[in-house]
Amino acid sequence: MPRTCPCGLPAPYQDCCGKLHRGAAAAATAEQLMRSRFSAFGVGDAAYLLRTWHPAARPASLDLDRKMRWVRLEVLETTGGSVVHTEGTVRFRAHYVDRGREGTLEEHSRFVRFEGRWVYTGTV
């Protein structure tokens with residue numbers, strides 16, 4: 001596991017997204033869930049990604065490309081998604097290296113509370 005958290009916050013992985021991945025804590029905000037999902041891609045935790053996907057939108061399975069490395073995350077904008085909201089969006093830019101080639105993925109993701117927890121529903 002990485003020492004620093006892949007999500008970009010200045011914390012050790014185990015104390016940041018690692019505790020969410022282990023199930024020791026739940027994301028308090030939509031942004032925290034989005035960051036933890038980015039980190040899950042980075043560490044190859046497909047089970048966490050599936051657990052944090054809304055059941056109505058979740059794929060039956062998820063195969064992660066082990067040759068793609070997610071290296072940096074930029075949060076560009078958030079709307080709602082705080083501890084008092086029931087929905088929110090996060091626009092972000094994810095940087096990756098795929099078979100030696102650098103690239104970015106920009107997405108505007110939507111999140112809702114489902115059974116008391118934040119889940120990813122798809123893109124805006």
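Below or above, wherever it landed, is the structure these notes cover.

Rules used in this analysis
Residues numbered from 1 in each chain as written. Predicted model: local features only at pLDDT ≥ 70, side-chain atom pairs only at ≥ 80, totals over all residues. Heavy atoms only, no water. Pairing = 2+ DSSP bridges. Helix = DSSP H or I, 4+ residues; strand = E, 2+ residues; numbered from the N terminus. Axes fitted to C-alpha atoms, helices over the stretch in contact; angles between N-to-C directions. Contact = heavy atoms within 4.5 Å. Buried < 20%, exposed > 50% of the residue type's maximum accessible area, 1.4 Å probe, protein only.

In this sheet, strand 3 (residues 101-114) lies alongside strand 2 (residues 87-98) in antiparallel orientation, the contact comprising 12 bridges. Residue pairing across strands places Tyr 96 opposite Gly 103, the latter belonging to strand 3. Here strand 2 hands over to strand 3 after 2 residues, with Arg 99 in that stretch at a positive phi of 55 degrees. When strand 3 meets strand 4 (residues 117-123), the two strands line up antiparallel, connected through 6 bridges. Note on strand 4: the bridge partner recorded for Arg 113 is Trp 118.

Attention shifts here to the sheet that holds strand 1 (residues 68-80). Ordered by their spatial adjacency, 4 strands build an open sheet running 1-2-3-4, and the pairing between neighbours is antiparallel. Strand pairing shows two members of the sheet lacking a second neighbour, strand 1 and strand 4, which therefore form its edges. Pairwise comparison of adjacent strand axes, ignoring direction, gives a mean angle of 35 degrees for this sheet. Each of strand 1, strand 2, strand 3 and strand 4 is contacted by helix 2 (residues 30-43), which is oriented at about 170 degrees to strand 1, the strand it contacts most.

Quick look at the environment of Val 97 now. Following the sequence through the fold, Val 97 ends up in strand 2. Accessibility expressed as a relative area gives 15% for Val 97, which makes it buried. Look past the residues within four positions of Val 97 in its chain and what remains in contact with it is Lys 67, Met 68, Arg 69, Val 71 and Glu 102.

Two elements, strand 1 and strand 2, share 11 bridges in a ladder whose sense is antiparallel. What sits directly across from Val 75, in strand 2, is Phe 92. In sequence, strand 1 turns back onto strand 2 through a hairpin of 6 residues, with Gly 81 there showing a positive phi of about 75 degrees.

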